[in-house]
Amino acid sequence: MTLKNTKSEVDTIFKSTEVYASARELIIVQAKYIVKTCRESINASHSANAAIPGNQEDALKEAQEKAEKAGEILKKLQKRMKSDYGRFWRQDIITHQLFAIPEQEVIEAFSLLAVLGQADIPTRTIHFLMRVPGEYGKTRASLTVSGEPYVFGLLDCVGELDRVIYDSLKNNQTEFLKRIFKQMESLYTELER
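If you're wondering where the values come from, they're calculated on a predicted model, not measured in any experiment. (Residues numbered from 1 in each chain as written. Predicted model: local features only at pLDDT ≥ 70, side-chain atom pairs only at ≥ 80, totals over all residues. Heavy atoms only, no water.)

Engineer: Whenever I open this one, the overall build of the protein chain confuses me. Can you help?
Structural biologist: Per the secondary structure count, the protein chain includes five helices and two strands. Its helices and strands taken in sequence order, the protein chain reads α-α-α-β-β-α-α from the N to the C terminus. Here the C-alpha radius of gyration of the protein chain, 20 Å, is well above what a compact globule of 193 residues would show, namely 16 Å. With respect to the principal axes defined by its C-alpha atoms, the protein chain has extents near 80 × 45 × 20 Å. Expressed as a percentage of its 193 residues, the buried residues of the protein chain come to 38%. Of the contacts formed within the protein chain by residues at least 6 apart in sequence, a portion of 67% connects residues at least 24 apart. Roughly 12,100 Å² of accessible area belongs to the protein chain as shown, and the carbon and sulfur atoms make up 54% of that amount. Both charge centroids of the protein chain, one from 27 positive and one from 27 negative side chains, sit 6 Å from each other. (Helix = DSSP H or I, 4+ residues; strand = E, 2+ residues; numbered from the N terminus. Rg over C-alpha atoms; globule rule 2.2 N^0.38 Å. Buried < 20%, exposed > 50% of the residue type's maximum accessible area, 1.4 Å probe, protein only. Contact = heavy atoms within 4.5 Å. Areas by Shrake-Rupley, 256 points an atom, 1.4 Å probe, with all protein chains shown as cover. Lys, Arg positive; Asp, Glu negative; His and termini not counted. Charge placed at Lys NZ, Arg CZ, Asp CG, Glu CD.)

Here it is in structure tokens:
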């Protein structure tokens, strides 16, 4: 019995495993930053809702900047996975699951901003502004998230809208409260199926 055939097979498998392990490690680290930045965006959105009229714009601007930063990190990570792991990186179930939470959080942050700003909730393809490396300006960018994270992100947004309604009740913002409740109810009804 010789091992001449196994060396090349084992080498190929180990190389593939190393590539996957480094990709997985990168996703885990970057996912923490994405989730943290989305949480900051959502908290800033809630601060805008609770702010005195006139002071809301600063908090909404901060929320938008944080959401765009999270989108930028996720877009760069998706691009990196495609180049490092291959063009079929999303088909790997474990990699897909590692991406689910950050994608879900990005959808939640952008959706909450859209509802508060009376804009359309984004599709699975989110359009936002992204910093150009080495320049001061921003450029238009977009990223696409998977189906499940999109639905769960919208469900998380429903929960955040509940918090917005509760805060509006405390501040006696009845017209705003009615508008948000109607949108929350419509979104939930659509997702309920």
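Moving on from the model shown.
Engineer: Just to check I follow, could you spell out the pairing of strand 2 (residues 138–144) for this structure?
Structural biologist: On a regular strand, each side chain points to the face opposite its neighbour's, so the side chains alternate between the two faces of the sheet. Where strand 1 (residues 125–131) and strand 2 come together, seven bridges link them in antiparallel fashion. Note on strand 2: the bridge partner recorded for Leu129 is Arg140. Turn length for the strand 1-strand 2 hairpin, with the two strands adjacent in sequence and antiparallel, is six residues, and the turn residue Gly134 shows positive phi of about 80 degrees. (Pairing = 2+ DSSP bridges.)

Engineer: Help me understand the environment of Asp156, please; the structure alone is not making it clear to me.
Structural biologist: Along the chain, Asp156 falls in helix 4 (residues 147–170). Looking at Asp156, the relative accessible area reads 26%, which means it is partly exposed. With 47 residues separating them in the primary sequence, Asp156 and Ala109 have C-alpha atoms 9.2 Å apart. With sequence-adjacent residues up to four places away left out, Asp156 is seen in contact with Gln104, Glu105 and Glu108.

Engineer: What is the right way to read the pattern of salt bridges from this model?
Structural biologist: When their charged atoms lie close together, side chains carrying opposite charge are able to pair. Under the defined criterion, the tally for this structure stands at nine salt bridges. Between Glu72 and Lys76 there is a salt bridge, and its shortest N-O distance comes to 3.1 Å. Of this pair, Glu72 and Lys76 are both found in helix 2 (residues 56–85), four residues apart, which corresponds to roughly one turn of the helix. For Glu72, a relative accessible area of 7% translates into the label buried. Overall, Lys76 belongs to the partly exposed group, its relative accessible area being 43%. Three or more residues are tied together by salt bridges with common partners; here these are Arg39, Glu105, Glu108, Glu160 and Arg163. (Salt bridge = Lys/Arg side-chain N within 4 Å of Asp/Glu carboxyl O.)

Engineer: Would you mind going over the side chain of Gln104 with me for this structure?
Structural biologist: With respect to the helices and strands, the residue Gln104 is situated in helix 3 (residues 93–116). Classification of Gln104 by relative accessible area gives buried; the value is 13%.

Engineer: Before we go on, may I ask you to explain the packing of aromatic side chains in this structure?
Structural biologist: The description of two aromatic rings rests on the distance between their centres and on the angle between their planes. The tally for this structure, following the rule as stated, stands at one aromatic pair. Ring geometry for Phe110 and Phe128: centres 6.0 Å apart, planes at 45 degrees, overall tilted. Residue Phe110 is located in helix 3, and its partner Phe128 is located in strand 1; the two are separated by 18 residues in the primary sequence. The same class applies to Phe110 as to Phe128, namely buried. (Phe/Tyr/Trp six-rings, centres within 6.5 Å; stacked < 30°, edge-to-face > 60°.)

Engineer: How should the packing of helix 1 (residues 4–50) against helix 2 be read in this particular structure?
Structural biologist: Packed helices, taken two at a time, are described by the angle between their axes plus the distance between the axes. The geometry of helix 1 relative to helix 2 is characterised by a closest axis approach of 7 Å and an angle of 165 degrees between their N-to-C directions. On the basis of the axis angle, helix 1 is roughly antiparallel to helix 2. Here the hand of the crossing between helix 1 and helix 2 comes out left-handed. In terms of residue class, the contact of helix 1 with helix 2 is made up of 20 nonpolar, seven polar and six charged. (Axes fitted to C-alpha atoms, helices over the stretch in contact; angles between N-to-C directions. Parallel < 35°, antiparallel > 145°, perpendicular 65-115°, else oblique. Left-handed = near helix turned anticlockwise from the far one by under 90°. Nonpolar A, V, L, I, M, F, W, Y, C, P; charged D, E, K, R; others polar.)

Engineer: So what exactly am I meant to see when it comes to unusual backbone geometry here?
Structural biologist: Excluding glycine, residues mostly have negative phi values, and the peptide bonds linking residues are mostly trans. Its identity as a non-glycine residue notwithstanding, Gln118 has a phi of 55 degrees, on the positive side. Within the secondary structure, Gln118 sits in the loop between helix 3 and strand 1. For Gln118, a relative accessible area of 57% puts it in the exposed group.

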